[in-house]
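Observations on the model geometry
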Amino acid sequence: MTLAEAAIALLILAVASTSALSLASAATKTARRASELREASRIADAVIAWHERLPFEDPTIPGGLGGESGETSPGPSTWDDLDDANGWTGPVPSWFDPSGRWTLAITVTWVSNADAASASGSDTGLKCVSVSVRVADRTVTTRRAVYARPRRRRARPRRGTAHIAALGFALLMITIALGALFVSRAVGRLGRDLRDASDAERRLRDGTAWAMLELENSTLDDGITRRTFAMTSTASSQTLRAASSVSPSSTFPAGSQPVRLTFQSTSGIGRRSATADANPVRRPFSALERPVAVAGAFGTSGSGSLSVVDGVGVVSTSRGAVPAGVVNLASFGSTLQASLQRRAALVRFPTAAEIAPLAATGTALNYDTISKLGSRILLSPRHTLPSGAYNARGVYVLDCANRTIDLEDMRVVGTLIVLNPGAGSRLRGGLVFEPAVLGYPALVVVGSIEIEPTTLLRENSGGDLNFNPSGLPYPYIGGATDADITDMYPSRFNASVIVTGSLQVNAAASFKGVCVGGDFGVAAGVSVARDPWIVSTPPDALCERLWTVDPSTVRRTFVE
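Read on for an overview of the structure. Residue positions are given per chain, counting from 1 as you read along its sequence in written order. Confidence filtering applies because this is a predicted model: local features only for residues at pLDDT of at least 70, side-chain atom pairs given and counted only at 80 or more, and all residues used for totals across whole chains, interfaces and linings. To get the side-chain values, take all heavy atoms of the structure and skip hydrogens and water.

The next subject is the packing of aromatic side chains. Think of it this way: a Phe, Tyr or Trp ring, Trp meaning its six-membered ring, pairs with another when their centres are within 6.5 Å, and the plane angle makes it stacked under 30 degrees, edge-to-face over 60, tilted otherwise. One pass over the full model with this rule turns up 5 aromatic pairs. Summarising the aromatic geometry, the rings of Phe493 and Phe511 are spaced 5.1 Å apart at their centres and angled 15° between planes, so their arrangement reads as stacked. Here Phe493, found in strand 26 (residues 492-493), pairs with Phe511, found in strand 29 (residues 509-512); they are 18 residues apart in sequence, far enough to count as distant. Pair check on accessibility: Phe493 and Phe511 agree, each one buried. A connected cluster of aromatic rings, assembled from ring pairs, spans Phe433, Phe493 and Phe511. Numbered from the N terminus, helices here are DSSP runs of H or I no shorter than four residues, and strands are runs of E no shorter than two. Only protein chains enter the area calculation, which uses a 1.4 Å probe; residues under 20% of their type maximum are buried, those over 50% are exposed, and those in between are partly exposed.

Another point: the pairing of strand 16 (residues 375-379). With 4 of its 5 residues buried, strand 16 lies for the most part within the structure. The pairing of strand 16 with strand 19 (residues 406-413) spans 4 bridges and is parallel. Looking at the pairing, Ser375 lines up with Glu408 of strand 19. As paired elements, strand 16 and strand 17 (residues 384-385) share 2 bridges and run antiparallel to each other. Bridge pairing in strand 17 places Leu379 opposite Thr384. Remark: 4 residues form the turn of the hairpin made by strand 16 and strand 17, two consecutive strands paired antiparallel. Strand pairing is assigned whenever DSSP identifies at least 2 bridges connecting the two strands.

Once that is clear, we can look at unusual backbone geometry. Across residues other than glycine, the phi torsion is negative in most instances, and most of the peptide bonds are trans. A cis amide bond links Tyr474 with the next residue in sequence, Pro475, at an omega value of -10°. Take Pro475: it is sitting in the loop between strand 24 (456-458) and strand 25 (488-490).

Okay, the pairing of strand 23 (residues 449-453) next. The two faces of strand 23 differ: Ile449, Ile451 and Pro453 on one face are buried, but Glu450 and Glu452 on the other face are not. As defined by bridge partners, strand 21 (residues 426-434) adjoins strand 23 across 4 bridges and the pair is classed as parallel. Opposite Arg428, over in strand 23, you have Glu452 as the bridge partner. Sheet analysis places strand 23 next to strand 28 (residues 503-505), joined by 3 bridges and oriented parallel. Across the sheet, the residue bridging to Ile451 is Val505, located in strand 28.

We define a salt bridge as a side-chain nitrogen of Lys or Arg found within 4 Å of a carboxyl oxygen belonging to Asp or Glu. Applying the stated rule across the entire model yields 7 salt bridges. Taking the shortest distance from any N to any O, the salt bridge between Asp368 and Arg403 comes out at 3.8 Å. Of this pair, Asp368 sits in helix 6 (residues 367-373) while Arg403 is found in the loop between strand 18 (395-399) and strand 19, placing the two residues 35 residues apart along the sequence. Among the residues examined, Asp368 registers a relative accessible area of 51% and is labelled exposed. According to the relative accessible area criterion, Arg403 is partly exposed, its value standing at 35%. Where salt bridges share partners, they join Asp406, Glu408, Arg426, Arg428 and Glu452 into one cluster.

Have a look at this one:
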């Protein structure tokens, strides 16, 4: 073969290879789009089917399109009529799409009686629900469904000969019906069977979603051997039930096994069944996932202000306006207003009983000894001042038994748990708190307390004390030690602060996560950042043990 022939052969091979790669890329893109369309169509059909069970309009507060007066619409679980979803955008609910990658856009409009495809600006008795499923700001598919307002028939009064005519017509119809009874029974039974099967399938689909949602709000420690969920359709008295066939374990994570769920629906002679698997999961209390979570009221006094560095805060008493004193609003993101309008009851706060297992792992501090000392306190996995037993995780428990405690100038490398503090209890002066174990909180108070930090913790202020001796660097991770007593440390709480009662902060302070079960008051500038470690690696005592349904295990069966 000559050099020219070899060059031509290489050119032909290059062109053929380029064409083959282009075809392969186009085929891959087409397959991906087809897969997205199938998944989006499934979600859209499920959302449309969801609307089928809702009344045409609110039975107590009929109105225009959208939520009625006094109602809010944080999500599908609160809609009580067809048009409550108008204008709603957001992620697809987890029971339709656990992946969280899809979003919904729902509009509800009046449509013309003459042409259901034409929108109308006034009440026509026809509502069109349009559901768009989107991914990455791109609409993949849209489904539309039109619903009509139910009409009532009015009985017309008949008098005189009209009564006789009606009676004669009724007798005639009865005669015809009796004559055709044996023929029509077979046809009627067939149609009834088909309707029963369709109704049973619809109830199975809707009821399964509700039962899965209710199960995911159930804890592993409820001690049940069999759990039954019931959902009654608003359109009939038929009830759908879903029951777990395996006893859920109260031990987590060792020994926890998936639970097989069986869903059954009956409508007349129509019967449908489905199965799915639920798996045990461990999740931190939702209040700990936010930089600021307050179950009671948030208030400011004097020059008090709250600066949230990142994330979204939740305050129960905020119902339409941002609380006074909250600054750095841009750092909350676009969901600040909606979040503050939601009741904190929707957020799970740890209780005193749930904190008890964490306190049980700690080392007890003597109240009389600590109270008498009052200041210059050092707690860590290797140091305890006043002297006492050490705790390898730095967890120390001070039970005040409803007596007042007033502590000043402290460095805590670990978790200080204060139980039952009396009225007027407070922490003040130089306060340096950081966890010995990432994911653990810095301070836990079962009760109420005041915090009044100064700017610095000084080693040579009053009773001289080295706060970073050998084996205890500052900061605890990546810091250094020394033998002098001339250092100064900025006051800060470098992990979450959890208070089951009320918390009052009377001086400038820096926190990393604040979770308050009662009221939260600030009288100075308070800055709060999110604690990512308590979300990713929390101690077991600060976690909910829940069930989550695996959508890939859902299987439907037809029961004759």
